[in-house]
Amino acid sequence: MEHFILALDQGTTSSRAILFDRSGAVRGIAQKEFRQHYPRPGWVEHDPREIIDTQFAVAREVLEQQGITPGQVDALGITNQRETVVLWDRGTGEPVANAIVWQDRRTAGYCDSLREHGHAAMIREKCGLVIDAYFSGPKIAWLLDNVPGARKKAEAGDLAFGTVDSWLVWNLTGGRVHVTDTTNASRTMLFDINRLQWDDDLLNLMNVPRSLLPEVLPSSKVYGETEPSILGAAVPVAGIAGDQQAALFGQVCTRKGMIKNTYGTGSFVMMHTGERRAQSGKNLITTVALTLDDVTTYALEGSIFVAGAVVQWLRDGLGIIRRSEDVERLALSVPDNGGVCLVPAFTGLGAPHWDPYARGTITGITRGTTAGHIARAALEGIAFQVYDVIRAMSADAGVDAEELRVDGGAAMNDALMQFQADILDIPVARPGVLETTALGAASLAGLAVGFFGNLHELEMNWKQDRLFTPAMDQAHIDRLTDAWRKALSRAAHWIEED
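Owing to the predicted nature of the structure, the values given are computational and were not obtained by experimental measurement.

Peer 1: An account of the overall build of the protein is requested, with residue identities and associated values reported.
Peer 2: Counting its regular elements, the protein contains 17 helices and 23 strands. Expected size for 498 residues packed as a compact globule is a radius of gyration near 23 Å; at 22 Å, the protein falls within 12% of this value. Along the longest, intermediate and shortest principal axes, the C-alpha atoms of the protein span 70 × 60 × 40 Å. In the protein, which comprises 498 residues, the proportion classed as buried is 60%. Summarising the internal contacts of the protein: among those between residues at least 6 apart in sequence, 72% fall at separations of at least 24. Total accessible area on the protein is roughly 19,300 Å²; 49% of this is exposed by carbon and sulfur atoms.

Written as structure tokens, this is what we have:
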């Protein structure tokens, strides 16, 4: 009888369940979207119960869809939207409020206060993070201070905090297991990534009781078993990693200097930096890459706010394409960008610029500019942002990039991938399995239970769909990057600071 690993991929807008076989191939997918709640401008919430309901439903659905019995599932791995915060009652298992999502900005003022009081250097040293409302710690503090009775119950030890992975494990195991892994803990702004421990200075700073916190464990380990009623049998829960770290592992970027980029609505670039953390002097985040076999490795990460979203804007805002897939054909209708640059800073610029006051800008327009030139410039704007981050990473890590492994929806755009290879002057490798986030979670779970033997086996499973090799001369690259830098300077600090 054939056996499988089940990956639960709990994302920002949907819950997914994906079955993988021993070769790392996808054997079934089920997906359900869930509601986004926007109670005030800048606030984003999820109903934690809906997360559980949709995630359990798709797990059952994918087994039924493929005719798989629970006994054929050797283990279950989890990958999750990072930084999103759930607070629940230990006795009842019920959430005390909606989850505060990573996108939520309600704690921006609190973060400004932390900076103004001189805490940025300590947080950077201990956590590897910049102070930002993106991360979990300030969200926990907000819930404790704003949900009636929450702080009193927390101080009595009656509440539990978790990022979404912890919430899933708690519910999968019937409330028996309260854990997280090092990758998710490293995104909370409460965890010392050097000592790999919750940090008392940070907990005291944000007034978060230690009793709330999950136990921090490796990313590949049997944490417990599911309640038999959920899937029809008890299945080991054996792997956890935040979504971008899971994608890094799914791409088998396990050696220093290896880089992956996920082209989604935004873009997330990660470089493996080995067993020693790299200090960023280029405004990148230092984070835990993984803890495997009691060895913790680190990564540099650069977040790009707008990638695939610029293509959605061409479709919905400008109306120059009917479907997102049409952008490649339109971009290739012209031989080059005609001197046009598009900086997609619709919500500011992320790493390495961190300019929240930048705005989207199109430069170089003439009477000869066509929709094709704008489409081409839009794709190039995605690639140039990745170029900026990878150049910063190479400088921080002291390692020249040798190859970029890619995933995400826009990785299927051949024109974009070729241009990315050209301006980086390194090969761009697209894998046969683009579900690398879920594959990473499945690989971690599979290693923990012996479904996969070792890293070498995972490397052998990784198959390349296509390799894009550089084909542009350096003089042309220099002209394009010079124009990009000029366009960036026009977009920077466009609006007045609040």
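Peer 1: Please provide a residue-by-residue account of the nonpolar core, values included.
Peer 2: Ranked by size, the top nonpolar core spans 63 residues in total, and within it Tyr263 and Leu404 carry the most contacts. Among the elements that make up this core, the one with the highest residue count is helix α13 (residues 371–397) (15 residues). Setting aside its immediate chain neighbours within four residues, Tyr263 contacts Ile382, Val386, Leu404, Val406, Asp407, Gly408, Gly409, Ala410, Ala411, Leu416, Met417 and Gln420.

Peer 1: With reference to specific residues and values, describe the sheet that holds strand β3 (residues 26–33).
Peer 2: Across the sheet, six strands lie side by side as β3-β2-β1-β5-β14-β13; this open sheet has mixed pairing. Looking along the sheet, the strands with just one partner apiece sit at the ends: β3 and β13 (220–225). In this sheet, neighbouring strand axes are inclined to one another by 25° on average, regardless of whether the strands run parallel or antiparallel. With six bridges connecting them, strand β1 (residues 4–10) and strand β2 (residues 14–20) associate as antiparallel partners. Pairing of Leu8 across the sheet is with Ala17, part of β2. Set on the sheet, helix α6 (residues 164–172) makes contact with β1, β5 (73–80), β13 and β14 (236–242); between it and β5 the angle comes to about 145°.

Peer 1: Let's hear about the pairing of β14: which residues, and what values?
Peer 2: For β14, a buried count of seven out of seven residues is recorded, marking the element as mostly surrounded by other parts of the structure. By the bridge criterion, five bridges tie β5 to β14 in an arrangement that is parallel. Within β14, the position partnered with Thr79 by the bridge is Ala241.

Peer 1: Residues and numbers for the packing of aromatic side chains, please.
Peer 2: Per the counting criterion, the structure on display carries 10 aromatic pairs. Here Phe191 and Trp198 contribute two aromatic rings whose centre-to-centre distance is 5.5 Å and whose plane-to-plane angle is 75°, an arrangement assigned as edge-to-face. The residues Phe191 and Trp198 share a single accessibility class, namely buried. Arranged with centres 4.9 Å apart and planes meeting at 85°, the rings of Phe451 and Phe452 form a pair that is edge-to-face. Take Phe451: its relative accessible area is 3%, and that puts it in the buried class. Sitting above the plane of the Trp142 ring, Arg106 keeps its charged end 4.5 Å from the centroid.

Peer 1: How would you explain the packing of helix α11 (residues 308–318) against α13 if you had to name every residue and give the values?
Peer 2: Interaxial distance between α11 and α13 falls to 8 Å at its minimum, and their mutual angle equals 155°. Judged by the inter-axis angle, α11 sits roughly antiparallel to α13. Our pair here, α11 against α13, has a crossing hand that is right-handed. Of the residues in α13, those touching α11 at Gly308, Val310, Val311, Leu314 and Leu318 are Ile374, Ala375, Ala378, Leu379 and Ile382. In terms of residue class, the contact of α11 with α13 is built from nine nonpolar, one polar and no charged.

Peer 1: Before we move on, can you summarise the sheet that holds strand β15 (residues 259–263) with the specific residues and values?
Peer 2: The seven strands are arranged β17-β18-β16-β15-β21-β22-β23 in an open sheet whose pairing can be described as mixed. Because the sheet does not close on itself, it has two edges, and the strands there are β17 (285–292) and β23 (464–468). Strand-to-strand twist of the sheet, defined as the mean angle between neighbouring strand axes without regard to direction, takes the value 25°. Here β17 pairs with strand β18 (residues 295–304) via seven bridges, running antiparallel. If you follow Thr287 over to β18, its bridge partner there is Ala299. Those strands touched by α13 are β15, β16 (267–274), β18 and β21 (404–407), and its axis lies near 20° from that of β16.

Peer 1: Give me the packing of helix α1 (residues 48–66) against α6: which residues, what numbers.
Peer 2: Two numbers describe how α1 lies on α6: the axes approach to 11 Å, and their chain directions differ by 65°. The handedness of the crossing between α1 and α6 is right-handed. Contacts between α1 and α6 involve Pro48, Arg49, Ile51, Ile52, Gln55 and Phe56 from the first element and Val164, Trp167, Leu168, Asn171 and Leu172 from the second. Tallied by class, residues from the contact of α1 with α6 come to eight nonpolar, two polar and one charged.

Peer 1: If you had to explain unusual backbone geometry to someone new, which residues and values would you point to?
Peer 2: Cis peptide bonds are those with omega within 30 degrees of zero, and the linkage from Ala351 to Pro352 qualifies with -5°. Inspection of the secondary structure puts Pro352 in the loop between β19 (341–343) and β20 (361–363). Residues other than glycine seldom take positive phi values, yet Asp293 does so here, at roughly 55°. On the accessibility criterion, Asp293 (67% relative accessible area) is exposed.

Peer 1: Report on the pairing of β2, specifying residues and quantitative values.
Peer 2: Two faces, one strand: in a regular strand the side chains alternate between the faces of the sheet. Extensive coverage of β2 is indicated by the burial of seven of its seven residues. Pairing of β2 with β3 involves seven bridges; the strand directions are antiparallel. For Ser15, the partnering residue across the bridge sits in β3 and is Lys32. Where β2 folds back on β3, the antiparallel hairpin that results is connected by five residues, among which Gly24 adopts a positive phi of roughly 80°.

Peer 1: Residue-level account of α13, with values.
Peer 2: With 27 residues, α13 extends 39 Å from end C-alpha to end C-alpha; this agrees with the ideal 39 Å at 1.5 Å per step. Along α13, 24 of the 27 residues are buried, which leaves the element largely enclosed by surrounding structure. Looking one or two residues past α13, Gly398 carries a phi angle of roughly 65°, positive in sign.

What counts, and where the lines are drawn
Residues numbered from 1 in each chain as written. Predicted model: local features only at pLDDT ≥ 70, side-chain atom pairs only at ≥ 80, totals over all residues. Heavy atoms only, no water. Helix = DSSP H or I, 4+ residues; strand = E, 2+ residues; numbered from the N terminus. Rg over C-alpha atoms; globule rule 2.2 N^0.38 Å. Buried < 20%, exposed > 50% of the residue type's maximum accessible area, 1.4 Å probe, protein only. Contact = heavy atoms within 4.5 Å. Areas by Shrake-Rupley, 256 points an atom, 1.4 Å probe, with all protein chains shown as cover. Core = buried A, V, L, I, M, F, W, Y, C linked by side-chain atoms within 4.5 Å. Pairing = 2+ DSSP bridges. Axes fitted to C-alpha atoms, helices over the stretch in contact; angles between N-to-C directions. Phe/Tyr/Trp six-rings, centres within 6.5 Å; stacked < 30°, edge-to-face > 60°. Lys NZ or Arg CZ within 6 Å of the ring centre and 35° of its normal. Parallel < 35°, antiparallel > 145°, perpendicular 65-115°, else oblique. Left-handed = near helix turned anticlockwise from the far one by under 90°. Nonpolar A, V, L, I, M, F, W, Y, C, P; charged D, E, K, R; others polar. Expected span 1.5 Å × (residues − 1).

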